Amino acid sequence: MRLFYTSPWVPAEWIRAHGLEPRGVWYADDFAFEPAPLSAGVCAFAQAVVRLADLRPQSAVIFTTHCDQLRRGFDAVAGTVPGRFFLFNLPATWQTPVAERLFCSELERLSHFLVGLGGQAPSAERLQAVLDHYGRARRRLLQAAPACPARQYAEAIARFHWDGSVCLPEHSGPVGASIPLALVGGPLPRAQWRLLEVLERAGGRVVLNATEAGERSLWAAEPARDRGDAPASDGAGAQAGHIAGASESEAGRALACCVPPHPGPAHEPCSAAVSAAGSGGVSPPGGTRGKTPRALAGEDACATGLAREYLAHCVDVFQRPNTRLYAWLRERLDARGARGLVLWAYVGCDLWRAEAQSLREAFGRPLLLLDAEEVASGWPRITGRIEAFLEALR
Amino acid sequence: MKPNRMTSPCKLTLSEWDGRYAELVRAGLREPDYGGPLSRHVVSEGDLRLRRLRFDDSPAALRLWNFLLTENQRLRQARARGDKIVGAMKDLGTVPVMAYSLPGVRAFYPDGAWWTPCLMECSDGLLQQAEALGIDASFCPVRAMLAAFQNGEHFPRPDLLICSAGAVCDDFSAIAQRLEQTGFPIVWWEMPRRRLPEAGETALALPGNLSAPPIQVACVREELARLANVLGELAGRPLDAPALAGGIREANKVRRLLAALRRTVYGAPGAPLPALEMLIAEMLAIHFCSDREESVAVLADLLAEAESRLRQGRFAVPETAVRIFWVNPVADLRAMNLLEDWGGRICGSDYMFTHALEPIPEDLPPLEALARTALADPMAGSTLARAARLVADCRATRAEAVVVARIPGASHCAREGALIRQVVRRELGLPTLELEIPPVCDALLPMLGSRLQALIETGRQRRVKRVK
């Protein structure tokens, strides 16, 4: 079963390890924006998620609590079909043990939900193999960030969130005299990638994609074998590790051609990569409740490690305080020489809109606030604003 | 104008209240030190909106208004006496219970500044100043708070700021974050989105006939324990269980008085007290208007007045008025007057802090009790749970129509109004209306009037049909 998730802070690894297909909505071709039937103020992204949930009756959708609009979007669909929708409580705070406990408990609850959809609670080994795979994929994508053309990079990350694979272009794009920009803000799904082309045509170049499911959703965690909190992999896990080593040895070429995440046909989704790893290690139906204490301990350690990893690397506007977002941006804006910021904020998204002035003050760079709306009719206006912004930066 | 004390209570204009005040003083009115004629607030504080409001004519209402309108002065006086001031933000009813458990500590909600543009008819310039700080009209009027912190002309700068995060309004959270970025450090604490216990989880009872799983209660309890430490450090003495238990008992005095007042007024055939005074009275629950003991006295006066009027069958709003259940507070206080002018009356309310109206359990360890009460926040749970409670309340209060007040720019309002109305219509078949009310609604009076009157008329016609 396909399971759409709406925030990069929902661990796709966890879903994959349960034998289901996590699908980040940013890559879905039918994730479309239409005028909201409701009154003014409904965020177009949240409305598109609600619409997707309606259009895909055979799929499940994971909403998150990180914003009011998605949280209440869940309320709009929750009563319709029991068991098909899940609301993942993402803690807004991140400095406390409570945040970690909440995240862990949500993973456990998600596990029960996934089992209810036909998934199977993973063994520690299977989970580790999936974690390793995702870790490697993120590292590869991160390595490509500085040189990869923006449009292709957005697609590569969305593709990763779609099926866990890494598909990077062979060559980096020409740099020329274009103006380096950082694109910051909310979700930028496939239907809105045109923005990147518009920016480029106007003479800009996005050197940092800090939209919701952009580079912010990637991090270079320590490989599992070096982590103290992760259980040791068995042979199957080691197999996955070997594959990673082989891929990464090739990664000297910064922008390798579409490298599948494992031996096999190009673009094969990562489920196959870990299927061998997990084939002997799937928990019995019913989730963790039927497992032996020893296996549970391994799983729990993995889940705790996963929660810690996500909490440690989550960089987003909804966090309180959101100082990590600013630290993350500062480092990359300086390193990549971004001369201006484009803030991509949905109409109705208070969380991003409120940051416009703080971003200006924090980084001392010109900032263009662009409204992400529900219909494409706004492109001529957006194009005009971008051209004027870049003209001012020349 | 001299109200006839043997007939119905009157609603007085500000100038009429001056005459009434003189009359009361001559008759020997005794007032607390914050007392005085209401019109002085227009001159001294610039509360221009008072000139457009109409007030209940009782000494109890006079005391309520003076209590409300002197809050900033009283906070400054408390600061001068050496009290510590805590700015509690967003949780609406939890942190103040803790703060007032410590001697020498007062808490207030800077959020309350959202009514300043209304009271001052925007002459304060707070909304414009907020816009200059990057928070424009696409945000809830609570953005006035940001400017009030910056200019320091309203409430005193708190010694400590505490704000809940997580399942809270995005607009408020974003504004609070902006506030911190401008140099006001905030202690954030996590409020998870309340959910129902799932299979295999124990259901812990929360006030308001709600429930939550143990993990959520434990997390909130742990967060409150962290806050207790912070507050204890501020006060210079620990906020331990006995102190908090004492604070809960005192808070419950306020909540029980309010519950009795709501029962008396909302349950009566006509309304013994007007909607506007009831809205203000309900607000006392969240932080006691910065003086817990005095809020008990203010509420006790109001309750005595309401009970007396009920016994005598004297109502501020007649029995013929259509019974309206009101959801969300209004940005312009005048809207409550207008509702009654057009033939409605409030029979029940959910002003976004129903959890602060519920008594805090006294048979549980105090932090546990407070955590459960905090989790009962209607804004922390699902809109459907809020709607379910609302339906039960509408049944209990025999509501004839429901108004959902839309707060301009508030993130929760984009969707919740439609969901609530859908549930109300399905479960009760009542007419409903969603209205957006800006901080000064005068320019919208024709629209507000026609829509509210249509709703009231519909409610009245349904009443006639039922009788037939």
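So, about the overall build of chain B. A count of helical and extended segments in chain B gives 18 helices and twelve strands. Rg of the C-alpha trace for chain B: 21 Å, near the compact-globule value of 23 Å for 468 residues, within the 12% margin. Expressed along its principal axes, the backbone C-alpha trace of chain B runs to roughly 55 × 55 × 45 Å. Looking at chain B residue by residue over its 468 residues, the buried ones come to 59%. Restricting the contact set of chain B to residue pairs at least 6 apart, pairs at least 24 apart contribute 75%.

This part covers the nonpolar core. Within the largest apolar cluster, 287 residues are counted, with the highest numbers of intra-cluster contacts made by A:L343 and B:I175. Once residues within four sequence positions are removed from consideration, A:L343 is found in contact with A:V184, A:G185, A:W352, A:A356, A:L359, A:L367, A:L368, A:L369 and A:L370.

What follows deals with the domain arrangement of chain B. All names here are of chain B. In terms of domain boundaries, chain B breaks down into domain 1 (78-243) and domain 2 (252-467). Its C-alpha centre places domain 1 at a distance of 22 Å from the equivalent point of domain 2. Contact with domain 1, which involves 43 residues of that partner, is made by 42 residues of domain 2. Those elements that provide at least two residues to the side of domain 1 that touches domain 2 are α5 (95-99), β4 (105-108), α6 (116-119), α9 (170-181), β7 (204-206), β8 (210-212) and α10 (214-235). When residues of the side of domain 1 that touches domain 2 are assigned to their parent elements, the largest contribution, six residues, is made by α10. The residue makeup of the side of domain 1 that touches domain 2, split by class, is 30 nonpolar, five polar and eight charged.

Now for the domain arrangement of chain A. All names here are of chain A. For chain A, the assigned domains are domain 1 (2-116), domain 2 (124-142 + 226-253 + 264-313) and domain 3 (146-217 + 321-393). Take the side of domain 2 that touches domain 3: its biggest share by element is five residues, from helix α5 (residues 124-144). The residue makeup of the side of domain 2 that touches domain 3, split by class, is five nonpolar, two polar and one charged.

Take the environment of B:L364 next. Tracing the sequence through the fold places B:L364 in the loop between β10 (344-350) and α15 (366-375). Counting along the chain gives 119 residues from B:L364 to B:A245, while the straight-line C-alpha distance between them is 9.4 Å.

Residue-level contacts link 38 residues of chain B with 38 residues of chain A. At the level of elements, β5 (160-166), α9, β6 (187-191), α10, α16 (383-397) and α17 (413-428) of chain B are the ones that each hand at least two residues to the side of chain B that touches chain A. With nine residues, α9(B) is the single largest residue contributor to the side of chain B that touches chain A. Per-class residue counts for the side of chain B that touches chain A are 17 nonpolar, ten polar and eleven charged.

In this section: the sheet that holds strand β4 (residues 85-88) of chain A. All names here are of chain A. Taken together, four strands build an open sheet; the order of strands is β2-β1-β3-β4 and the sheet is parallel. Each edge of the open sheet is held by one strand with a lone partner, namely β2 (21-24) and β4. Neighbouring strand axes in the sheet, compared pairwise and without regard to direction, differ in orientation by 25° on average. With four bridges connecting them, strand β1 (residues 2-5) and β2 associate as parallel partners.

Criteria and cut-off values
Residues numbered from 1 in each chain as written. Chains lettered and ligands numbered in written order. Predicted model: local features only at pLDDT ≥ 70, side-chain atom pairs only at ≥ 80, totals over all residues. Helix = DSSP H or I, 4+ residues; strand = E, 2+ residues; numbered from the N terminus. Rg over C-alpha atoms; globule rule 2.2 N^0.38 Å. Buried ≥ 20, exposed ≤ 12 C-beta atoms within 10 Å, placed from the backbone. Contact = placed C-beta atoms within 7 Å. Core = buried A, V, L, I, M, F, W, Y, C linked by C-beta atoms within 7 Å. Domains from an automatic or database assignment. Nonpolar A, V, L, I, M, F, W, Y, C, P; charged D, E, K, R; others polar. Pairing = 2+ DSSP bridges. Axes fitted to C-alpha atoms, helices over the stretch in contact; angles between N-to-C directions.

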